[in-house]
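Given next are the chains, with one letter for each unit.
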Amino acid sequence: MESALSASPDPTSAAFFDVDNTIMQGASIFHLARGLHRRKFFTTKDIAKAAWQQMYFRVVGSEDPEHIAKARATGLAFIAGHSVSELEEIGEEIFDEHMADKIWPGTRAIAQWHLDQGQRVWLVTAAPVEIAAVIARRLGLTGALGTVSEHVDGIYTGELVGEMLHGEGKAHAVQEIADRDGLVLEDCYAYSDSSNDLPMLSLVGHPCAVNPDSALRAHAKANGWRIRDYRTGRKVVVAGGKGIVAAVAAGGTWRVLRHTKKRSH
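Conventions adopted
- Residues numbered from 1 in each chain as written.
- Predicted model: local features only at pLDDT ≥ 70, side-chain atom pairs only at ≥ 80, totals over all residues.
- Heavy atoms only, no water.
- Helix = DSSP H or I, 4+ residues; strand = E, 2+ residues; numbered from the N terminus.
- Buried < 20%, exposed > 50% of the residue type's maximum accessible area, 1.4 Å probe, protein only.
- Contact = heavy atoms within 4.5 Å.
- Core = buried A, V, L, I, M, F, W, Y, C linked by side-chain atoms within 4.5 Å.
- Axes fitted to C-alpha atoms, helices over the stretch in contact; angles between N-to-C directions.
- Parallel < 35°, antiparallel > 145°, perpendicular 65-115°, else oblique.
- Pairing = 2+ DSSP bridges.
- Right-handed = clockwise from strand over helix to strand, strands pointing away.
- Left-handed = near helix turned anticlockwise from the far one by under 90°.
- Salt bridge = Lys/Arg side-chain N within 4 Å of Asp/Glu carboxyl O.
- Polar contact = N/O pair within 3.5 Å; in protein donor to acceptor, adjacent residues only side chain to side chain.

Engineer: Please provide a residue-by-residue account of the overall build of the chain, values included.
Structural biologist: What the chain contains, in helices and strands, is 11 helices and 9 strands. Taken over 265 residues, the chain has a buried fraction of 50%. The contacts in the chain between residues at least 6 apart in sequence include a share of 68% that link residues at least 24 apart.

Engineer: If you had to explain the nonpolar core to someone new, which residues and values would you point to?
Structural biologist: Counting residues in each nonpolar core, the largest one holds 39 residues, and the members touching the most others are Phe17, Leu36, Met99, Leu123, Ile135 and Tyr191. Among the elements that take part in this core, helix H5 (residues 84–99) stands out by supplying 6 residues, more than any other. The residues contacting leucine 123, other than those within four sequence positions of it, are Phe17, Val19, Ile23, Ala132, Ile135, Ala136, Leu141, Gly143, Ala144 and Leu145. The next biggest cluster of nonpolar side chains, apart from the first, holds 21 residues, and it includes Ala14, Ala190, Val204 and Leu216.

Engineer: If you had to explain the packing of helix H2 (residues 28–38) against H5 to someone new, which residues and values would you point to?
Structural biologist: Two numbers describe how H2 lies on H5: the axes approach to 9 Å, and their chain directions differ by 110 degrees. As summarised for this structure, H2 and H5 are arranged roughly perpendicular, according to the angle between their axes. On H5, the residues touching Ser28, His31, Leu32, Arg34, Gly35, Leu36 and Arg38 of H2 are Leu87, Ile90, Ile94, Glu97, His98 and Met99.

Engineer: Go over the pairing of strand S7 (residues 206–210), please, and point to the residues and values.
Structural biologist: Counting buried residues in S7 gives 4 out of 5 residues, a clear majority hidden from the surface. Inspection of the sheet shows strand S6 (residues 189–192) paired to S7 by 4 bridges, in the parallel sense. If you follow tyrosine 189 over to S7, its bridge partner there is histidine 206. For the handedness criterion, the β-α-β arrangement of S6, helix H9 (residues 198–203) and S7 is classed as right-handed. In this sheet, strand S8 (residues 226–228) lies alongside S7 in parallel orientation, the contact comprising 3 bridges. The residue of S8 that forms the bridge with cysteine 208 is arginine 226.

Engineer: Account for the packing of H5 against helix H7 (residues 129–138), with residues named and values stated.
Structural biologist: Interhelical geometry of H5 versus H7 gives an angle of 60 degrees and a closest axis separation of 9 Å. Looking at the two axes, H5 sits oblique to H7. Of the two elements, H5 crosses H7, and the hand of that crossing is right-handed. Residue-level contacts link Leu87, Glu88, Gly91, Glu92, Phe95, Asp96 and Met99 of H5 to Glu130, Ile131, Val134, Ile135, Arg137 and Arg138 of H7.

Engineer: Can you explain the pattern of salt bridges? Please cite residues and give values.
Structural biologist: Under the criterion given, the structure shown has 13 salt bridges. Between lysine 170 and aspartate 18 there is a salt bridge; the shortest N-O distance is 2.9 Å. Taken together, the residues span a long stretch of sequence, with lysine 170 in helix H8 (residues 168–181) and aspartate 18 in the loop between strand S1 (14–17) and H2 at a distance of 152 residues. Pair check on accessibility: lysine 170 and aspartate 18 agree, each one buried. With a shortest N-O distance of 3.0 Å, glutamate 92 and arginine 138 are connected by a salt bridge. Here arginine 138 lies in helix H7 and glutamate 92 lies in helix H5, a separation of 46 residues in the sequence. Look at the salt bridges and you will find they share partners, linking Arg38, Arg39, Glu93 and Glu97 into a network.

Engineer: Can you lay out the side chain of threonine 147 for me, pointing to particular residues and giving the numbers?
Structural biologist: Within the secondary structure, threonine 147 sits in strand S3 (residues 143–147). Judged by its relative accessible area of 1%, threonine 147 is buried. A polar contact of 3.0 Å, which involves the side chain of threonine 147, links it to the backbone nitrogen of leucine 165.

Okay, here's the thing in structure tokens:
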């Protein structure tokens, strides 16, 4: 019966989901930071400093390269010397503690619809790939593309590896997945809440704005894109928003993790 009910794999179509405020309420890196703070990875003073840097980015409206570099270096210092396996194990615990009840049921239902159609479903996020992989695995998705921190022999070095998976970077990552897997982008779907992800959304034939910011909402309306808003009273969560990634997350190049298989860096 299970075999009869299962959908045939769709070889040319896939769905790509942003995480922060799209799959999950708030920023995944913020929830991760809460869990790491409880485990004494860093101090309350460190969080306050990161929050101040993020406020600067929002108020000034310009991401000064020097400030960005300092913020990322601060984030990387939190995990330097810790093992990849340790962070992955902690990530599982933090998902249960802080993330599981933050998943938007509406977006989760959309992701399940794609799975039911036999399509692959990927998370594409600036958050650390380790936590993105946990989210993908727990939701039964195909896998995750996320930001990578350098590690040698399984130990984080505290060094950057390229840039965060953000903006144009997400579009390039999706294009590489499409080229590798033989996807037809015109038949693919993408979901995000942020105008920063317009490159990824514009790359596919079926873009959808989920809990969109004002710029993305306006663009979606102007271009006839679907809009889904699951926020009560359309209240936009600012505190702990996805921009905090720039202040807390470790930077790096994007990396792919499938929930069925782990790969060493």
